[in-house]
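As a plain string of letters, each chain reads:
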Amino acid sequence: MTDQNRFEEARRRFLKGAAGAATLAIAPGVILHQVARARPASQPASSENRWGMLIDTTKCSSGCDACVRGCQEYNGWGDNEVHSDAAQKAHWIRKVEVRNRQTGYTHSLPVMCQHCKYPPCVDVCPTGASMKRDDGIVLVDKHICIGCRYCMMACPYKARSFVHEELHDQLPTAPRGKGTVEACTLCVQRVDKDGPEAVPACAEACAAEGHNAILFGDMNDPNSKLSKALEKYGGTQIREDLGLDLGVRYLGI
Amino acid sequence: MTAKVHYREIVQSGTGFWGLLAFLGLLIALGLFAAYNMEHHGHWITGMNQQIVWGTPHVFAVFLIVAASGALNTASISSVFGKSVYKPLARVSAFLAISLLVGGLAVLVLDLGRPDRLIVAMTHYNFKSIFAWNIFLYTGFMAVVGLYLWWMMDPPWQRHYRIAGFFAFLWRIILTTGTGGIFGFLVARQAYDEAIMPPMFVIFSFAYGLAILILITMAAMKWTGRPMGEVILRRLKNLLGIFVASSMYFVIVYHLTKLYITAFHGVERFILLDGGVYTALFWIGQVLVGYLLPLAIVYHPTLGKSRTAVAWASVFVILGGLAQMYVTIIGGEAYPLVLFPGMEISSSYHDGVVAEYAPSLYEVLLGIGGIGIALIAMTLGMKHLKLLPESLEDAVVDPHAS
Amino acid sequence: MASPLRSILAVAGLGLLLSSPLAGAGNLLPEIPKAKARVSATQGCVEPTEVMRHNHMKFLLHHRKEALREGVRTKKYSLMECINCHVPDPDSPQAVHYGNPKHFCSSCHTYAAVRIDCFECHRDTPLPSSRKSTSASGVTAPVTLASGVDAHALKKASSPAEEN
């Protein structure tokens, strides 16, 4: 059994390497074949992948909230809460304007769940509802969320929202309801369907607006565009000092 | 050798007793009404929001839970540290600890987004979560203190009660450390993330629990016509003074730490200087009412001897404690998260600005309901169990005193 | 005047009693709405009907854990697929929500007095066909961007590595 696994792993590594080499050869031109593919629906998410995003804030414009609207539309938050006031409504993603007090330098960036490798929200959750999948996506298992909001106290990014009222007609792909906590899922349904080819709703909307500031990909795959971009340009994490190893990285902050 | 202390149930059950029960029942009914509404409609009817995720219910709940472990202290001092003066109050002290914990937990549970899923919290555990530890610490506390109480009251077991008392003391220290850790171990917020918070909560608990114990004992003794001498009162109020002074010391060290470290100047400025209601509650509520007034009273040469004044000192400690919880919990949340140190940030979602929060009536009623639960449990306990000593006269408390 | 009227009313009342209400009340079993499709000529649901009646909750519980916590997205026991097949389109005249005894899940759960909280978070109807066809929802629409050639083009365009 273990031999079988080892063989399987070696085989994968070999195939990955070979495919990687093939891709590199064509890389300057058009990439004809993606190295990694979406896994079949019956296969669970694996720690071989670590999904993440690189957000180039130099391409992100201050008045634009296309990513926020794209997320709202795809995940159905924000417009079906009728009683909650502005401070009570859910926010899976928001645009933050940052200004350097001394130099006056300003920039704008979207902030959502950063999909930490060491998520404080997962640490503090009493029931295990706040969880991280093997592929690094941090989610809330609303089936066992009791609504204590400890995760919201623990999140350094204010990425989580609590649903303050009864909801109806949610989107089938984004179940959400009163008394439970929720956050950005990295558009997990798309990731599960399309794997490395997935485009989260925020990235899709950003591209549609012509900004192309958000790049999604697999940080564990050295040949992914995300890994290549991170290798070439670095990428900063918000509150890097906390050592949480974030899945969302930024350029130009 | 101390004189034998006689404990007796409360025999009186006149209009005063029923009136008290009715009043406390009303508080509980109002609390349940609030909880029903919060669950039925959702939390939008409260003042809580995505920034202030723990609001007024948590102020009451954490206060009651912290006070619960502190209420046990009088029993611990007699059983663990051998101060026989406090022994007559050990039963009241232990029972009050359980009552306050039940009241606090009720508020905490009824504020959950999904209180109907309480069973989930009992069946699914993440053992890295302090809340998960607390589920065991709280239920275990009730069991251990219950055992301690039983062994104190049941003659065949009485020779063992010191063991239970020691274990209960250890348990309560761990419990309050856990409660302080809920905040102290949070790296996200500027006001928290301090190792001093768990021990500070332990010290707070000494003061809050004792203040409640003093008031309940004075009221119960007076309303049942049982004598209470000067010795016990003097000891209790001096102890209260020490606990209040220690609390203040910890608060000073906490703020000095934050003031010394440049990164925390923002949050310190907010709490101490320009945080509006939080600043006012800190200086007037926590410091003036909670520390300075009680200290002035208990150490005043004449006021310190007045029963009324000592009762007021206890009331002040409780009010100051509620103010402290409000500043710690809600003030700590109201100060914006620092996403980019040194930068100014803004957004359409309250980034870089102080969060708005106004407690709703529902939240206050729920919190008061918790107090009602704690007090009704205490009243019924003293009524039907041999908790309250027949006399706290000097001769009973301390036969060696003149 | 009074007695003929009374007898008419009595007869009418008896007739009513014998027809719909009592007859309906006589049949105590819930009326379960028909599904939109069959799995095969011999089998209605994804498991034989008796198995589904007894074990649907086990299938759903097992699937929810796999789907949410592990990312297994098979459709066989997916709640979304149950709803798509068993509940009418919300745009149609037969539209029902959970709570209405005509809703597939309500029909039995009301009868058995078993409270479920699935639909506090999950949608209790399929997505309306009007919504599916527009590109707005993103539920079916992302295909254009999320897979196939368009996605490649987008990813290429959105890569900072190639733009900078």
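Predicted, not measured: the structure shown is a model, and the values here were computed from it.

Peer 1: What's the story with the overall build of chain B in this structure? I'm lost.
Peer 2: In terms of helices and strands, chain B carries 14 helices and one strand. Its C-alpha atoms give chain B a radius of gyration of 21 Å, near enough to 21 Å, the size a compact globule of 402 residues would have. Projected onto its principal axes, the C-alpha coordinates of chain B cover approximately 70 × 45 × 40 Å. The buried share of chain B, reckoned over its 402 residues, is 51%.

Peer 1: Looking at this structure, I do not really get the overall build of chain A. What am I missing?
Peer 2: Regarding its fold elements, chain A presents seven helices and nine strands. In chain A, 63% of the contacts between residues at least 6 apart in sequence involve partners at least 24 apart.

Peer 1: I keep staring at the interface of chain A and chain B and nothing clicks. Help me out?
Peer 2: A common way to report how large an interface is uses the accessible area buried once the components associate. Each partner contributes residues to the interface: chain A has 46 residues there, and chain B has 40 residues. Elements that contribute at least two residues to the side of chain A that touches chain B include exactly β2 (93-100), α3 (120-124), α4 (150-154) and β6 (161-162) of chain A. Counting residues per element, the side of chain A that touches chain B draws most heavily on β2(A), which supplies seven residues. Residues of the side of chain A that touches chain B, tallied by class, amount to 22 nonpolar, twelve polar and twelve charged. Sheet topology places β2(A) next to strand β1 (residues 343-347) of chain B; five bridges connect them, and they run antiparallel. Directly across from Arg99(A), in β1(B), lies its bridge partner Glu344(B).

Peer 1: Mind showing me how you'd approach helix α5 (residues 104-112) of chain C here?
Peer 2: Spacing of three or four residues puts side chains on the same side of an α-helix, whose turn is 3.6 residues. Residues and elements named next belong to chain C. When we look at burial in α5, the residues that qualify are Phe-104, Cys-105 and Ser-106. Looking at the buried positions of α5, the neighbouring elements they touch are α4 (79-86). Looking one or two residues beyond α5, the residue adopting positive phi is Ala-113, at roughly 55°.

Peer 1: Looking at this structure, how should I read the environment of Leu256(B)?
Peer 2: Residues and elements named next belong to chain B. With respect to the helices, strands and loops of the structure, Leu-256 is situated in helix α9 (residues 230-260). Look at Leu-256 and you get exposed, because 11 C-beta atoms sit within 10 Å. C-alpha separation for the pair Leu-256 and Phe-206, spaced 50 residues apart in sequence, amounts to 22 Å.

Peer 1: I tried to follow helix α6 (residues 130-153) of chain B on my own but got confused; where do I start?
Peer 2: Between its first and last C-alpha atoms α6(B) spans 33 Å; for 24 residues at 1.5 Å apiece the expected length is 34 Å, and the two agree. On its buried face, α6(B) sits against α3 of chain A together with α4 (90-110) and α7 (161-184) of chain B.

Peer 1: What is the right way to look at the packing of helix α10 (residues 265-274) of chain B against helix α11 (residues 277-298) of chain B in this model?
Peer 2: What describes two packed helices is the angle between their axes and the distance between those same axes. All names here are of chain B. Close contact between α10 and α11 brings their axes to 6 Å; oriented N to C, the two are set at 70°. Taken as axis vectors, α10 and α11 run roughly perpendicular relative to one another. In this structure, α10 uses Ile-271, Leu-272, Leu-273 and Asp-274 to contact α11, whose residues at the interface are Tyr-278, Thr-279 and Phe-282. Considered class by class, the residues forming the contact of α10 with α11 number five nonpolar, one polar and one charged.

Peer 1: Quick question: what am I supposed to make of the sheet that holds strand β3 (residues 106-112) of chain A here?
Peer 2: Backbone-to-backbone hydrogen bonds pair the strands of a sheet. The strands run either parallel or antiparallel. Read across the open sheet, the three strands follow the order β3(A)-β2(A)-β1(B); overall the sheet is antiparallel. One side of each edge strand has no neighbouring strand; the edge strands of this open sheet are β3 of chain A together with β1 of chain B. In this sheet, adjacent strand axes meet at a mean angle of 30° when their direction is disregarded. In the packing of helix α2 (residues 66-75) of chain A onto the sheet, the strands contacted are β2 and β3 of chain A, and the crossing angle to β2(A) comes to about 165°.

Peer 1: How should unusual backbone geometry be read in this particular structure?
Peer 2: Note on backbone geometry: most residues besides glycine have negative phi, and most peptide bonds are trans. All names here are of chain A. Phi angles above zero are rare outside glycine, and Arg-149 is one such case at about 70°. Topologically, Arg-149 is positioned in the loop between β5 (138-140) and α4. One non-glycine residue, Asp-169, lies in the positive phi region at around 55°. Position of Asp-169 relative to the elements: it lies in the loop between β6 and β7 (181-182). Classification of Asp-169 by C-beta neighbours within 10 Å gives partly exposed; the count is 14.

Peer 1: So what exactly am I meant to see when it comes to the sheet that holds strand β8 (residues 214-218) of chain A here?
Peer 2: Residues and elements named next belong to chain A. In space, the three strands of this open sheet follow the order β8-β1-β9, with mixed pairing throughout. A single partner strand is all that each edge strand has here, and the edge strands are β8 and β9 (248-251). For this sheet the average axis-to-axis angle between neighbouring strands, irrespective of direction, equals 20°. Across four bridges, strand β1 (residues 51-56) lies against β9 in parallel orientation. Across the sheet, Asp-56 pairs through a bridge with Leu-251, a residue of β9.

Peer 1: Is there a simple way to explain the environment of Val298(B) in this structure?
Peer 2: For Val298(B), the location among the structural elements is in helix α11. Those residues within four positions of Val298(B) in sequence are excluded, and the remaining contacts are Lys237(B), Asn238(B), Leu240(B), Gly241(B), Gly304(B), Val310(B) and Ala313(B).

Peer 1: I would appreciate a short explanation of the packing of helix α2 (residues 56-71) of chain B against α4(B) in the present structure.
Peer 2: Residues and elements named next belong to chain B. Between α2 and α4, the shortest axis-to-axis distance is 7 Å and the interhelical angle comes to 160°. Comparing their axes, α4 and α2 come out roughly antiparallel. Note that α2 runs across α4; the crossing there is left-handed. Across the interface between the two elements, Pro-57, Phe-60, Ala-61, Leu-64, Ile-65, Ala-67, Ala-68, Ser-69 and Ala-71 of α2 pack against Ser-93, Leu-96, Ala-97, Leu-100, Leu-101, Gly-103, Gly-104, Leu-105, Val-107 and Leu-108 of α4. Tallied by class, the residues present in the contact of α2 with α4 amount to 15 nonpolar, four polar and no charged.

Peer 1: Honestly, the confidence of the model for chain B in this entry has me stumped. Any pointers?
Peer 2: Confidence along chain B averages 95 in pLDDT terms, with 98% of residues attaining 70 or more. Both confidence scores are given for the complex: pTM 0.88, ipTM 0.93.

Peer 1: How do you make sense of the pairing of β2(A) when you look at a structure like this?
Peer 2: Each regular strand shows side chains that alternate between the opposite faces of the sheet. Residue and element names in this part refer to chain A. In this sheet, β3 lies alongside β2 in antiparallel orientation, the contact comprising seven bridges. By the bridge assignment for β3, Val-96 is matched with Leu-109. In sequence, β2 turns back onto β3 through a hairpin of five residues, with Gly-104 there showing a positive phi of about 80°.

Peer 1: How do you make sense of the confidence of the model for chain A when you look at a structure like this?
Peer 2: Atom-level detail of predicted coordinates should not be read off regions where pLDDT is low. Mean pLDDT for chain A: 89, with 86% of residues reaching 70 or above. Note that pLDDT drops below 50 for residues 15-34 of chain A; the model gives that stretch eleven contacts with residues more than four away or on any other chain.

Peer 1: Can you help me understand the environment of Ser360(B) in this one?
Peer 2: Residues and elements named next belong to chain B. Along the chain, Ser-360 falls in the loop between β1 and α13 (361-384). Overall, Ser-360 belongs to the buried group, with 20 C-beta atoms counted inside 10 Å. For the pair Ser-360 and Leu-273, spaced 87 residues apart in the sequence, the C-alpha separation amounts to 26 Å. Among all residues touching Ser-360, those that are not within four sequence positions of it are Ile-45, Thr-46 and Gly-47.

Definitions and cut-offs
Residues numbered from 1 in each chain as written. Chains lettered and ligands numbered in written order. Predicted model: local features only at pLDDT ≥ 70, side-chain atom pairs only at ≥ 80, totals over all residues. Helix = DSSP H or I, 4+ residues; strand = E, 2+ residues; numbered from the N terminus. Rg over C-alpha atoms; globule rule 2.2 N^0.38 Å. Buried ≥ 20, exposed ≤ 12 C-beta atoms within 10 Å, placed from the backbone. Contact = placed C-beta atoms within 7 Å. Nonpolar A, V, L, I, M, F, W, Y, C, P; charged D, E, K, R; others polar. Pairing = 2+ DSSP bridges. Expected span 1.5 Å × (residues − 1). Axes fitted to C-alpha atoms, helices over the stretch in contact; angles between N-to-C directions. Parallel < 35°, antiparallel > 145°, perpendicular 65-115°, else oblique. Left-handed = near helix turned anticlockwise from the far one by under 90°. pLDDT = per-residue confidence, 0-100.

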